[in-house]
Each structure stands twice: as C-alpha cells, then as structure tokens.
Amino acid sequence: MESPDALLEFVNFPDGDYPLSAIKKFYAKYKIFHSLSIGEVGVYTRMYESRRVAFSFFSKDELSSLFPREEIRRWQEWAEYRPLFPGEVDFKGLESCWGLTVCEFRTFLNKCISNYIDLGFVNKFMPKENVQFELRPSHDIWKPTVAIFNEDDNNRYKTIDHYLVATQILPFLLRGDGEIFSRIRRCPVCKKYFIPKSLKKKFCSDKCRAAHHYAIEH
Ligand SMILES: [Zn+2]
C-alpha cells in the first residue's frame, strides 16, 4: 500500500533545525508549489505565514538574476505582504512557523498512534470556498506540481498544512484506507515516525534495535 511519505518526512525534521536548504529540498522533492504571485514564471519562491508575511526562498540577488528589475518592483508594490529575505533577522520566523506546524502534525500522529483520529484537525484544513487546488505540469507530466492556496481578497497565499492534509491524509480517508494512520509508530530510540512492515516491529531500523539492546545490556 502507498504510504504518506511526505507527511512522515515532514514530522521527522530534526527538532529546532530547519535550515532553508532542507525546506527547499523538501518542497522540490514533493513538487509543492509555493507561490502564485510570480508563479507564471515557474519559479517557486515563497512560503506564506498567515499574517501575510512571505518568506522568500531566494535572496534579493538571486531574484534579480531570475526576473527583470521592473517586474520585481511591480510585484513588490502590488503585494500586501511583507517579503523577508534569507539573512534578515526576522527570517528566523520561517523556522518558528515550520517548527510549530511540525509540532501540530506530530500531535495528530501521536493521537493516531494511541488509536484515535482527530477529525477536527483534518476538517480544519478541508477545502473550503476560498481554498483552491491547482495542478501544473512538471518535467514528468504524470507527476504534476500541486498548488494549494487560499484565495482571500484576491491575494493568494497558501500554507504547508493545507498541502499535507489534502495530499497526505485526505486521500487515504476518502478511499477507506485511513487505517494506515493506526499503523504509524514512533521509534523509541531515534524518535522517527515510520510505518513498519510488520506491526510487531518496534524500531525503525536494525541500527536502532541494536542501540536499544546495547543500552539495556550496559
Ligand atoms: Zn530509530
């Protein structure tokens, strides 16, 4: 059976360590679309936080090598949000957003592990009138990029939580495969979330199993 790989990888981000490079890699790997404000050009540059703060994944210099100066200026004037670039002090806000969201999804999975699915959490991110989905072709036409965004007063922004619920949780529940969430385990040694092939398996890997037995014996 298919498994919610992006969700597991997301909750397994090491605590308090969310470097931009790792977040960028995560977005690229799962073809998550960041932004529609300059999305037509095909470069995914931003992650939004609900207070309309946009974290840019590119420095100002990188942006100006990608887009004509005029276009950047127009786009910054048009946007209501405050763009933050890597290196700015406030950019660390991205880490706290990311960390907070990781915590929320871990809480959801911890409940699943204790045999309870928090439907309220899932419903919070259900597609509503102002949440839209859009698929865009990527280099592999059978694996399109997923854009999920809120449309609010004509300003579009979206967040990673909508993506995770819509692509990693909802499809399983809709086709009656929600049971997969009851099979998720958390490795007692490295604290990673994983789905064991056999339910008897307690550790994520032989390495962690050996480390556990070594600790007991010494
Ligand atoms: Zn482990």
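From a predicted model like this one, the values you see are computed outputs, not experimental measurements. (Residues numbered from 1 in each chain as written. Predicted model: local features only at pLDDT ≥ 70, side-chain atom pairs only at ≥ 80, totals over all residues.)

### Details of the overall build of the protein
Quick reminder of the rule: By definition, any uninterrupted DSSP run of H or I lasting at least four residues is a helix, any uninterrupted run of E lasting at least two residues is a strand, and each is numbered from the N terminus. Neighbour counting defines burial: a residue surrounded by 20 or more other C-beta atoms within 10 Å of its own C-beta is buried, one with 12 or fewer is exposed, and intermediate counts give partly exposed, using backbone-placed C-beta atoms. A pair of residues counts as a contact when their C-beta atoms, built from backbone coordinates, are within 7 Å of each other.
Secondary structure summary: the protein contains 8 helices and 8 strands in total. Taken over 218 residues, the protein has a buried fraction of 18%. Intrachain contacts of the protein at a sequence separation of at least 6 include 55% that bridge at least 24 residues.

### Considerations on the confidence of the model for the protein
Going by this rule: In predicted models, pLDDT denotes the confidence assigned by the predictor to each residue on a 0 to 100 scale.
On average, the protein scores 78 in pLDDT, and the residues at 70 or more come to 68%. Mean pLDDT across the elements of the protein bottoms out in strand β6 (residues 155–157) (42) and peaks in strand β8 (residues 193–194) (97). Considering only residues more than four positions removed or in separate chains, one finds that residues 35–44, a stretch of pLDDT under 50, has 19 contacts. In this model residues 153–157 is a low-confidence stretch, pLDDT under 50, and it forms 10 contacts with partners more than four residues away in sequence or in other chains.

### Observations concerning the environment of Ile180
Within the element layout of this structure, Ile180 appears in the loop between α7 (160–174) and β7 (185–186). We classify Ile180 as partly exposed; it has 16 C-beta atoms within 10 Å.

### A short note on α7
Where we set the bar: Between the first and last residue of a helix there are one fewer steps than residues, each counted as 1.5 Å, and that sum is the expected span. The bend reported for a residue corresponds to the angle between axes fitted to the seven residues ending at that residue and the seven starting there.
Between its terminal C-alpha atoms α7 stretches 20 Å, which fits the 21 Å expected from 15 residues at 1.5 Å a residue. Of all the bends found along α7, the most pronounced is centred on Ala166 and spans about 30 degrees. Within two residues after α7, Gly176 carries a phi angle of roughly 80 degrees, on the positive side.

### Some points on the nonpolar core
For clarity, the threshold we go by: The nonpolar core criterion groups buried Ala, Val, Leu, Ile, Met, Phe, Trp, Tyr and Cys residues into a set whenever they are joined through C-beta atoms within 7 Å.
Counting residues in each nonpolar core, the largest one holds 13 residues, and the members touching the most others are Leu7, Phe10, Val11, Phe105, Leu109 and Leu164. Of all the secondary-structure elements, those providing two or more residues to this core are α1 (5–11), α5 (92–113) and α7. Beyond its immediate chain neighbours, meaning those up to four positions away, Leu164 contacts Ala6, Leu7, Phe10, Phe105 and Ile169.

### A look at unusual backbone geometry
Of note in this structure, Asn115 is not a glycine but carries a positive phi near 75 degrees. Its place among the elements puts Asn115 in the loop between α5 and α6 (119–124).

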